[in-house]
Every structure is written in C-alpha cells, then in structure tokens.
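Descriptive analysis of the structure
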Amino acid sequence: MNNKVAVRKCSEYDLDEVYHQISDIWQICEGPDVSGKSVLVKPNILIDSDPSNAICTHPVVVEAAIKFLQSKGAIVLVGDSPGAMARGYKGEKSGIFQACQKAGAEWVDFAKEPAEINLRKGKIKIASVINKVDLIVSLPKFKNHGLVFFTGAIKNTLGLVPGFTKAKQHALHSDRISFSELLVDLNEAVMPQFFIMDGIVGMEGPGPGQGTPVNIGILLGSSNPLALDIVASKIAGYNPNDIPTNSVALSRGLWMKSAGEIIFDGPELESLIKNDFKKIPLDGSKNIVVRFLKNRIHFLKKMERRPVFIHENCTGCLDCIKICPANAITMHPKKDNYIVLTDSKCIRCFCCSEVCQSKAVEIRRKFFGA
Ligand code: SF4
Ligand code: SF4
C-alpha cells in the first residue's frame with residue numbers, strides 16, 4: 001500500500017472512457033500485480049436498484065474494472081450482499097449481474113456458507129470467498145451516509161458481511177463512533193488491495209439510499225482506503241476530519257498518520273470541491289457543550305435526526321422491519337402499509353432508510369412528542 005490517490009475527470013458512463021481512466025489510475029497508484037491471480041471485485045450494491053438512482057456502483061464501472069483486471073491476467077469474481085437480500089441474490093436490477101455476464105466474470109453469492117473472522121473485538125461473519133481469492137478490488141460509490149456522513153472505501157468493505165448479519169453489527173455498535181470503529185476494524189482484518197470509486201454520478205442529500213443523483217464527473221482510485229476517503233469527502237465539501245471513519249483510522253495511525261501524507265495526482269483539488277453538494281448535517285457532534293446538553297436535555301434528544309415513515313409511499317414489503325436491529329418498528333395492526341416507530345427503542349442506525357426502495361423512510365429532525 002502507498003498513499004497515492006489519483007482523480008480523473010470522467011463525465012459519462014462510456015465503457016471505453018471508464019476503462020481508459022481506470023487503467024490510468026491503476027498505473028499512477030501502482031495497483032497490485034494481478035496476473036494469474038483470482039480477484040474479487042466488490043461493488044457497492046446497497047439495495048438492488050436501477051443505475052439511474054445512483055445508489056449502486058454503475059454497471060459500466062463494474063464492467064470496465066472486470067475487463068481491465070482480465071486484461072492484466074486476473075480471473076475475476078464479483079459479488080456483494082445488500083442488507084435486505086437473502087441467499088441466492090443476484091444484482092440484476094442494478095445491471096451488475098449482467099455486467100459480470102457480459103465480461104465473463106463469475107457472480108458469487110456471499111450468503112452461501114459464510115466464514116467467520118476475528119476482529120480486534122470479537123468475531124464477524126463474512127463471505128467465505130475472501131478465503132479463496134488472492135486479492136479484493138473494491139468499487140465504492142461517491143455518496144452520503146446518514147450515520148457516518150460520507151460512505152466511501154472504508155465503508156464499502158462492510159458489504160463483505162452477508163445480508164441481514166450486518167444489522168446485528170448495528171445493534172452491537174449503535175453509535176457513530178462505535179460503528180466507525182467496527183468499519184476500521186473490519187478493514188484491518190480484510191483489507192481490499194485496491195479501491196476505485198465511482199464518482200461520475202454520485203448521490204447528495206439523504207444517502208446512502210434516499211438521496212439525489214448528482215453529477216460529480218470523476219473516478220478516484222487508491223490502494224489506501226483512508227487516503228481515498230479523505231480526498232473524496234473533501235471533494236464533497238466535508239472537512240475530512242468530521243467523517244468518523246477517517247478520524248478513527250487517523251487516530252489509530254493506520255494506513256497513514258495525517259492527510260498531509262497523501263500524494264495526489266489529478267486536477268487541482270480545490271477546483272474539484274463541490275461547495276453546493278448537499279451534505280448530511282453533522283449534529284454539532286464535535287462541540288463538547290452541545291454534546292453535554294444533548295445527553296441531558298430531554299427536549300434536545302427529542303429533536304435528534306430520526307427515521308420518519310412516509311405512509312403513502314409504503315408498499316408493505318416489510319424489509320425495514322426485517323433489517324431493524326433494535327426491533328423498533330412494526331406494521332400497524334389495523335392500518336395497511338403503516339409503519340409504527342417505537343422511538344425509545346430506535347438506535348438511529350438508519351438501516352430502515354437504506355433498505356427502503358419506495359422512498360417511504362426519510363431521516364430528518366422531527367419533534368417526537370411525548
Ligand atoms: S417503509 Fe419501505 S421498507 Fe418499510 S415496509 Fe414500507 S416500503 Fe417496505
Ligand atoms: S427504526 Fe430504523 S433507524 Fe431505528 S433502529 Fe430500526 S432500522 Fe435503525
């Protein structure tokens with residue numbers, strides 16, 4: 001691993017252009033030798049969704065990455081495991097399964113016979129394919145995340161944890177810092193060797209599943225997930241130190257000790273920053289006085305960001321109920337497609353909004369009356 005991050009302008013999902021830019025990024029960042037090796041390509045398929053929604057890594061980026069790795073002599077496998085998907089899932093709506101077929105790569109079912117690995121604290125279930133491949137190439141999407149503000153390279157590794165097992169981790173790591181520590185622990189245990197982020201069309205607003213597609217016009221790459229996330233979150237207009245996955249990794253001195261160690265290659269970074277990118281509100285979490293007051297003043301706790309269910313959009317699919325790690329939501333016994341939140345049980349993991357495909361869960365500050 002090195003600290004190089006390359007950013008290349010790329011304004012549309014043109015296979016030849018994306019392939020060319022991936023090849024350039026790989027060379028500049030000194031991607032690993034994949035000749036004769038088996039490589040797992042891990043896109044971000046949060047929920048299986050049409051590419052126009054910008055929820056998943058675009059299938060053209062997946063296809064271009066597969067073809068590039070094959071051109072270098074790799075045998076490529078592809079897989080991901082959205083939170084609400086069970087065994088036998090294939091990323092068909094996202095077009096990623098079809099991209100695999102077109103490029104001649106094998107699709108892997110992460111939910112089939114998962115393995116277990118040790119983390120700093122405890123164990124975690126993980127797709128057993130990681131024990132069979134030589135390398136992992138991660139393809140995160142440039143977008144916001146309700147809990148950790150910005151989802152990038154470090155967060156994308158969580159997709160190796162199969163389906164609903166992810167929800168259990170939210171219950172065990174219910175606050176932002178604890179969850180970020182888990183994500184960093186996971187990358188310490190299973191570190192993909194290279195990351196290519198799809199920032200051609202990203203997602204602003206209430207990501208990772210309910211936001212709005214927005215043209216960013218870039219592809220980014222690095223072998224260092226922290227360096228990549230620092231650059232990407234800066235382009236999104238965040239202070240990278242406010243992103244808890246970045247701050248946790250930096251505080252541990254993992255992968256690098258400060259942003260100053262990044263070796264950047266691309267257009268002038270300041271010119272890439274999207275000042276109008278709609279970010280996730282930071283909750284004043286760094287302000288010690290606000291944190292003190294929030295923990296003690298009942299009224300302020302009632303004003304926290306929380307899931308708000310838009311009943312008229314609900315299809316009654318029950319995915320949010322299945323994924324909720326705190327058993328905080330139920331279907332109303334008498335009203336059709338009417339989700340009821342038990343606010344006192346909710347740990348604000350926002351998994352319900354991640355899995356809802358019907359824009360029926362919004363995360364917002366809403367006064368929760370007594
Ligand atoms: S809120 Fe969304 S995920 Fe939950 S039941 Fe309704 S449509 Fe399904
Ligand atoms: S209701 Fe939603 S945000 Fe609250 S614990 Fe359940 S899944 Fe998480």
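**Concerning the overall build of the protein chain**
- Assigned secondary structure in the protein chain consists of 13 helices and 16 strands.
- Each of the three principal axes of the protein chain carries a C-alpha extent, and together these read 60 × 45 × 40 Å.
- Counting across all 370 residues of the protein chain, residues that qualify as buried make up 50%.
- Within the protein chain, contacts between residues at least 6 apart in sequence are counted, and of these 76% link residues at least 24 apart.

**Some words on unusual backbone geometry**
- At the junction of G207 and P208, the peptide bond is cis and its omega measures out at 10° in the coordinates.
- In this fold, P208 is placed in the loop between β10 (194-204) and β11 (212-222).
- Although it is not a glycine, N337 sits at a positive phi angle of roughly 45°.
- Tracing the sequence through the fold places N337 in the loop between β14 (329-331) and β15 (339-341).

**Some words on the pairing of strand β5 (residues 115-118)**
- In terms of strand pairing, β5 meets strand β6 (residues 123-126) through 4 bridges, oriented antiparallel. Paired with E116 across the bridge in β6 is K125.
- Two successive antiparallel strands, β5 and β6, enclose a turn made up of 4 residues, where G122 displays a positive phi of approximately 80°.

**Let's talk about the site of ligand 1**
- Taken together, 14 residues are adjacent to ligand 1, and C314, C317, C320, C356 and A360 come closest.
- Broken down by class, the residue content of the shell around ligand 1 amounts to 10 nonpolar, 3 polar and 1 charged.

**Focus on the environment of V76**
- Within the element layout of this structure, V76 appears in strand β3 (residues 75-78).
- Look at V76 and you get buried, because 23 C-beta atoms sit within 10 Å.
- V76 has contacts with V39, V41, I66, L69, Q70 and A105, leaving out every residue within four places of it along the chain.

**With respect to helix α7 (residues 225-235)**
- For α7, the buried fraction is high: 11 of the 11 residues fall into the buried class.
- Within α7, burial applies to P225, L226, A227, L228, D229, I230, V231, A232, S233, K234 and I235.
- Directly after α7, the chain includes G237, whose backbone phi takes a positive value near 95°.

**What to know about the site of ligand 2**
- If you check the shell around ligand 2, you find 13 residues, and the closest are C324, A326, C346, C349 and C352.
- Per-class residue counts for the shell around ligand 2 are 12 nonpolar, no polar and 1 charged.

**Considering the domain arrangement of the protein chain**
- Segmentation of the protein chain into domains returns domain 1 (4-272) and domain 2 (288-365).
- For domain 1 versus domain 2, the distance between C-alpha centres works out to 27 Å.
- At the junction of the two partners, domain 1 supplies 17 residues and domain 2 supplies 18 residues.

**Quick notes on the pairing of β10**
- Most of β10 sits out of view: 11 of its 11 residues are buried.
- Across 2 bridges, strand β8 (residues 141-145) lies against β10 in parallel orientation. Considered in β10, the bridge of K143 is made with M203.
- The pairing of β10 with β11 spans 9 bridges and is antiparallel. Paired with V201 across the bridge in β11 is N215.

**Some thoughts on the packing of helix α6 (residues 176-189) against helix α8 (residues 244-252)**
- Remark: α6 packs on α8, axes separated minimally by 9 Å, with the N-to-C direction vectors making an angle of 65°. As α6 runs across α8, the sense of the crossing is right-handed. Across the interface between the two elements, R176, I177, S180, E181, L183 and V184 from α6 touch P244, T245, V248, A249 and R252 from α8.
- Residues that form the contact of α6 with α8 fall into these classes: 6 nonpolar, 2 polar and 3 charged.

Thresholds applied
Position labels on residues start from 1 in each chain and follow its written sequence. A letter from A marks each chain and a number from 1 marks each ligand, given out in the order of writing. Only residues with pLDDT of at least 70 get local features here, since the model is predicted, and only at 80 or more are side-chain atom pairs given and counted; chain-wide, interface and lining totals rely on the full set of residues. Runs of E in the DSSP output that reach at least two residues are strands. Runs of H or I that reach at least four are helices, and both are numbered from the N terminus. Here the C-beta atoms are placed from the backbone, and a residue counts as buried if at least 20 other C-beta atoms lie within 10 Å of its own, exposed if 12 or fewer do, and partly exposed otherwise. Placing C-beta atoms from the backbone, we regard two residues as in contact once those atoms come within 7 Å. Two strands make a pair as long as DSSP finds a minimum of two bridges between them. Residue proximity rests on one test: whether the C-beta atom, placed from the backbone, lies within 6 Å of the molecule or strand. Only Asp, Glu, Lys and Arg are considered charged, only Ala, Val, Leu, Ile, Met, Phe, Trp, Tyr, Cys and Pro nonpolar, and every remaining residue, Gly among them, polar. An automatic or database domain assignment is the source of the domain bounds shown. Axis angles are defined between N-to-C directions and span 0 to 180 degrees, where every axis is a line fitted to C-alpha atoms and, for a helix, only to the segment in contact. Crossing handedness is defined as follows: a turn of the near helix away from the far one that is anticlockwise and smaller than a right angle gives a left-handed crossing, while the clockwise case is right-handed.

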